Amino acid sequence: GDHRDLHSFPTRRSSDLFPIVKELLAKGFQIRAFALESDPKLPQLKELGPNVEVVCGDLLDEESIYSAVQGCDGVFFLPAIPTSGDPTKEITLGKNMVSACERANVTYMVHSSVDRAGEEETFKGWGPDFWPGYAGYWRGKSTVLQMVKDSKIPHWVILKPAYMMDCFVPPKAWGMYPQLKQGIVASARTPETWVNCMCGDDMGKLVAEVFCNFEKFEHKEIPLAGDRVNMDEVGAAISKATGKHIEVQYLTREQLLANGVRSSVIDAQEWDVVNGYTADVVASNSYGVKLSTFEEWALRHKDDFDID
């Protein structure tokens, strides 16, 4: 039957919600958005119109999730990214979400994970010498993914986007590419490293497509990428979009640390060199949504870049 009643969108970063909320509103859904009371973007959520109900709570509190999903027959679940190599927090979030949705008899769940989650034991270098901080990231993602698959929620879909293009604009860029403000894309990747990538705008469209046509997608894990780029192409695309010269630098871990890049970010970039995302661009475009290339995304977001 029609499942356009109330959908709950729990996350710890409301900025990640907006493309999804806006696309579902355009499709005629009513939304219940779940966010931290301290989230600075909360007022913007509340201004999205009468079809958006905002409730506050915390994914670390199962009872607040259970209260929020009452009356919702569909949930979109994006867990917080752990801040260290310890996956405990993300696993707790997953347990809370799945348990609350089972108790509330939620019928539909769309879980946003990451490309290659569940494949970590096939990664080159997996084992005691694998990047310590990054091993926890993959364990957390894989554990939560399996929780959703093993749950009593009747209809589920797992979307697995590759690297997010949105990492090159604030707020993510401030921590991941701090030199971009000075017109420099600095990375531990090599010139030959290809990065499969996806953007938040298209994730919103795909989530709406799934909820409108759930029978086409249910019980599938769907890797997603709209483009495959190297860092030289990233720099050229940002330069074209902003009209500002962008220099691409390939730096060592020590150089990046000295420039304020977090160790966990460097782990991920070094992983790209050795392993990397594998979501196929052609296959990703076969689900009813035309996905953006990096250049298209950069041109659309040209005013969002923070470059002097």
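Everything that follows concerns the structure shown earlier in this document.
Figured I'd write up the structure that's included with this text. Keep in mind it's a predicted model, so treat the numbers as computed, not measured. (Residues numbered from 1 in each chain as written. Predicted model: local features only at pLDDT ≥ 70, side-chain atom pairs only at ≥ 80, totals over all residues. Heavy atoms only, no water.)

**A look at the overall build of the chain**
When helices and strands are counted, the chain shows 13 helices and 12 strands. In terms of overall dimensions, the chain has C-alpha extents of about 50 × 45 × 40 Å along its principal axes. Looking at the chain residue by residue over its 308 residues, the buried ones come to 55%. Residue pairs in contact within the chain that sit at least 24 positions apart in sequence constitute 78% of those at least 6 positions apart. Total accessible area on the chain is roughly 13,100 Å²; 50% of this is exposed by carbon and sulfur atoms. (Helix = DSSP H or I, 4+ residues; strand = E, 2+ residues; numbered from the N terminus. Buried < 20%, exposed > 50% of the residue type's maximum accessible area, 1.4 Å probe, protein only. Contact = heavy atoms within 4.5 Å. Areas by Shrake-Rupley, 256 points an atom, 1.4 Å probe, with all protein chains shown as cover.)

**With respect to the nonpolar core**
Counting residues in each nonpolar core, the largest one holds 104 residues, and the members touching the most others are F168 and F294. In terms of residue count, helix α5 (residues 132–150) provides more of this core than any other element does, 8 residues in total. Once you skip the residues sitting within four places of it in the chain, F294 turns out to touch M165, F168, C197, D227, V229, V234, A237 and I238. (Core = buried A, V, L, I, M, F, W, Y, C linked by side-chain atoms within 4.5 Å.)

**Thoughts on the packing of helix α4 (residues 88–103) against α5**
Running from N to C, α4 and α5 cross one another at 10°; their axes reach a closest spacing of 9 Å. On the basis of the axis angle, α4 is roughly parallel to α5. For the pair α4 and α5, the contacting residues are E90, I91, G94, K95 and V98 in the first and G140, K141, T143, V144, M147 and V148 in the second. In the contact of α4 with α5, the residues fall into 5 nonpolar, 3 polar and 3 charged. (Axes fitted to C-alpha atoms, helices over the stretch in contact; angles between N-to-C directions. Parallel < 35°, antiparallel > 145°, perpendicular 65-115°, else oblique. Nonpolar A, V, L, I, M, F, W, Y, C, P; charged D, E, K, R; others polar.)

**Here we look at the packing of helix α1 (residues 18–26) against helix α7 (residues 200–212)**
Contact pair α1 / α7: the axes reach a minimum separation of 8 Å and the direction vectors enclose 40°. Viewed along their axes, α1 and α7 adopt a mutual orientation that is oblique. For α1 against α7, the interelement crossing comes out right-handed. Residues P19, I20, E23 and L24 of α1 form the contact with α7, whose participating residues are G200, D201, G204, K205, V207, A208 and F211. Residues belonging to the contact of α1 with α7 are distributed by class as follows: 6 nonpolar, 2 polar and 3 charged. (Left-handed = near helix turned anticlockwise from the far one by under 90°.)

**Section: the pattern of salt bridges**
Here the structure, examined in full by the defined rule, presents 15 salt bridges. The partner of E63 in a salt bridge is R103, and the shortest N-O contact between them spans 3.0 Å. Note that E63 is positioned in helix α3 (residues 62–68) and R103 in helix α4, a separation of 40 residues in sequence. For R103, a relative accessible area of 36% puts it in the partly exposed group. E209 is the partner of K216 in a salt bridge, and the nearest nitrogen-oxygen pair spans 3.8 Å. (Salt bridge = Lys/Arg side-chain N within 4 Å of Asp/Glu carboxyl O.)

**Brief notes about the sheet that holds strand β7 (residues 163–164)**
Strand order in the open sheet made by the 3 strands is β7-β9-β11, with mixed pairing throughout. Two strands in the sheet have a free side with no partner beyond their single neighbour: β7 and β11 (227–229). Note: strand β9 (residues 195–198) against β11, 3 bridges, orientation antiparallel. When the sheet's bridge partners are listed, V195 is paired in β11 with V229. (Pairing = 2+ DSSP bridges.)

**Things to note about the environment of T278**
Looking at where T278 falls in the secondary structure, it is placed in the loop between α11 (263–274) and α12 (281–284). Sequence separation of T278 and P223 is 55 residues, and the distance between their C-alpha atoms is 8.1 Å. Here T278 is in contact with D115, R116 and N196, once residues within four sequence places are set aside.

**Details of the side chain of D267**
Along the chain, D267 turns up in helix α11. Here D267 falls in the buried class, since its relative accessible area comes to 6%. Apart from the residues within four sequence positions on either side, D267 is in contact with W131, G133, Y134 and R253.

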